[in-house]
Structure formats: C-alpha cells, structure tokens
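What follows is each chain in one-letter form.
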Amino acid sequence: KAMREIEHPPHAASLLESMRSIGYTLESALADILDNSLSANAKNIDIEFRPYDEPYIAIIDDGHGMSSVILERAMRHGSTNPLDSRAADDMGRYGLGLKTSSLSQCRRMTVISKQNFVITGLCWDLDVVIDRQSWIMLELDNEDLANIPHIEELSKRSSGTLVLWQKLDKLIAGEVSVEAALVGKMAHVYDHLSLVFHRFLKKEDRHPKIDISLNGKKLPPVDPFLTEHQATQKLEQDS
C-alpha cells in the first residue's frame, strides 16, 4: 500500500534567514540585479544610495518592465523550474536571483515595475514574515508608492523597474559609522561594477552602449585586459 502523505512546507522565517547566508557580497548582489536589468533590455541603469536617516540602496532601470502578473511570479521564491529551457540572456535559473541577492543584503526588498502605464509594487519584509510566521508578501498601494524614493524617475519612464533595499542590516552590522561604512563599500562597488560590466559600458558594434551610474556618477568602462593602454602590444597571429 502507498505510504501516508504528509504536507510539510518549510518554516518560512527560518528558510528565509538561512537563504540569506548564501555567499553574496554587496557587489555580486548588485551585479545580479543589474543582470536582470540588462535581460530586460535596459539602456540606463541608475544605482542610488543614501547612508543617512533610513539608509537605502535603489536600482532604477528603463527596461521593458513587468506586468502585475509577471512581477508577482518574479517575487515568488523558486518561481522558475531550473530544468525549463530559457532565453540565453535570462540570468535567474532557479527563480531565486532577485530575491536571494536582495535579501542577502537587506531585510526589506521592494520591487516596483512599470509596463503599459501600470505601476505595480510588491515587498518582502523579513520582519513581517517572522511576525506572521508565514510567506506574507506586501502589495503597495498608491500612497505607499508615492513614498518610495526615486519613484518619480520610474514614473517619467515609459517602462522600467525599481528595486529598493531597506533595513540594510548585513551592510551596517557592527559598524561604528553607518555613513562611512556604506560610502566606503559603495566606492568599492563603483570600481567592481565598472570592471564587470565594461563590455556593456563601452560602445561596440555588437550591442548598444549601456549607461550605468552610481549616485549620478557614470561608471567608466574599466578594461581588465588594458587593450587601450599604450604599453599593451597586440599579438600578431601567424598566417
């Protein structure tokens, strides 16, 4: 005879807390979000951070955005089957990239997306999940949306997505000065992303140039191979 079946869902709060320890650095987590923006054909990606009052990091792009249905699916943990065939430019094999990378850095992540003049916002707040002991996601109403930093940037664009990280507990744990710590870390991020995304930041025939900025300062394309450097010699191939 068949064995008895037991419905045994994971404990929401402890699973989310353990998922947070998957080894993301700040720069690799941000690179994950930028990958999503590039997959959405964004041409302009602005990273904004504020280290004072209630510190936050926001990523705003002008990609094709998500409908409310797609956003809700994207915010689900384990939203895609890793065995499904996917587009070559799709980065989220396990449907975890957006959430896992974000929640590795903060306790509250909000994603707001605009498509066809409709703006939808959803939020995972770990403290809500812990308090309710359930997979409770929050939906933003118009008043909530109006209070989101940089929402006016998204409103101006015909489509795009805004990812907001708040309650930056991992970034500021044990720091004497939150401001100095975050400014220092973001300076490192600036250098790192310039290197990682240098092909996109440089105008090449294969793809249009992408502009990425950090608090309004454009990232320069830092070439790891120093191909433009005067001391670099090109190796001639034998014919």
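Residues numbered from 1 in each chain as written. Predicted model: local features only at pLDDT ≥ 70, side-chain atom pairs only at ≥ 80, totals over all residues. Heavy atoms only, no water.

Here the focus is the overall build of the chain. Secondary structure summary: the chain contains 10 helices and eight strands in total. Taken across its 239 residues, the chain has 41% of its residues classed as buried. Contacts spanning at least 24 positions in sequence make up 65% of the contacts within the chain whose residues lie at least 6 apart. When the accessible surface of the chain is summed, it comes to about 14,100 Å², and 53% of that surface belongs to carbon and sulfur atoms. (Helix = DSSP H or I, 4+ residues; strand = E, 2+ residues; numbered from the N terminus. Buried < 20%, exposed > 50% of the residue type's maximum accessible area, 1.4 Å probe, protein only. Contact = heavy atoms within 4.5 Å. Areas by Shrake-Rupley, 256 points an atom, 1.4 Å probe, with all protein chains shown as cover.)

On to the environment of Trp-135, then. Locating Trp-135 in the fold gives a position in the loop between α5 (126-132) and β5 (138-139). Between the C-alpha atom of Trp-135 and that of His-11, which follows or precedes it by 124 residues, the distance is 9.1 Å. With residues near it in sequence (within four places) discarded, Trp-135 still touches Pro-10, Ala-12, Leu-15, Leu-16, His-77 and Trp-124.

Next up on the list: the packing of aromatic side chains. Considering all chains together, one arrives at two aromatic pairs under this definition. For the ring pair Trp-124 and Trp-135, a centre distance of 6.2 Å and an interplane angle of 85° mean the geometry is edge-to-face. Placement of Trp-124 in strand β4 (residues 118-125) and of Trp-135 in the loop between α5 and β5 is noted, with a sequence separation of 11 residues between them. In this structure, Lys-217 packs its charged tip against the face of Tyr-190, placed 4.5 Å from the ring centre. (Phe/Tyr/Trp six-rings, centres within 6.5 Å; stacked < 30°, edge-to-face > 60°. Lys NZ or Arg CZ within 6 Å of the ring centre and 35° of its normal.)

Moving on: the side chain of Thr-161. Within the secondary structure, Thr-161 is located in strand β6 (residues 160-166). Here the side chain of Thr-161 touches Ser-113 through a polar contact of 2.7 Å, side chain to side chain. Setting aside residues no more than four positions away along its own chain, Thr-161 makes contact with Ile-59, Ile-60, Asp-61, Gly-65, Met-66, Val-111, Ile-112, Ser-113 and Leu-154. (Polar contact = N/O pair within 3.5 Å; in protein donor to acceptor, adjacent residues only side chain to side chain.)

So, on to the sheet that holds β6. Through backbone hydrogen bonds, the strands of a sheet pair up, either in parallel or in antiparallel fashion. Across the sheet, which stays open at both edges, the eight strands sit in the order β5-β4-β3-β6-β2-β1-β7-β8 with mixed pairing between neighbours. If you trace the sheet from one side to the other, it starts and ends with β5 and β8 (217-218), each paired once. Most of the contacts of helix α2 (residues 26-39) go to strand β2 (residues 56-61), to which it runs at about 25°, and overall it touches β1 (44-50), β2, β6 and β7 (211-214). Its contacts with the sheet put helix α9 (residues 178-196) on β1, β2, β7 and β8, and the angle it makes with β1 is roughly 165°. (Pairing = 2+ DSSP bridges. Axes fitted to C-alpha atoms, helices over the stretch in contact; angles between N-to-C directions.)

In this section: the state of the cysteines. Counted by the stated rule, this structure contains zero disulfides. For the unlinked cysteine Cys-106, the closest cysteine sulfur is that of Cys-123, found at 8.8 Å. (Disulfide = S-S within 2.5 Å.)

So, on to the pattern of salt bridges. Counted according to the given criterion, the structure contains 14 salt bridges. The salt bridge involving Glu-17 is made with Arg-107; its shortest N-O contact spans 3.2 Å. Residue Glu-17 is found in helix α1 (residues 12-19), and its partner Arg-107 is found in the loop between α4 (97-103) and β3 (108-115); the two are separated by 90 residues along the sequence. Under the relative-accessibility criterion, Glu-17 is labelled partly exposed at 32%. Residue Arg-107 is classed as buried on the basis of its relative accessible area, which comes to 14%. In this structure, Arg-50 engages Glu-48 in a salt bridge whose closest nitrogen and oxygen atoms are separated by 3.1 Å. Connected through shared salt-bridge partners, Glu-17, Arg-20, Arg-107, Arg-108, Asp-125, Asp-127, Lys-167 and Asp-169 make up one network. (Salt bridge = Lys/Arg side-chain N within 4 Å of Asp/Glu carboxyl O.)

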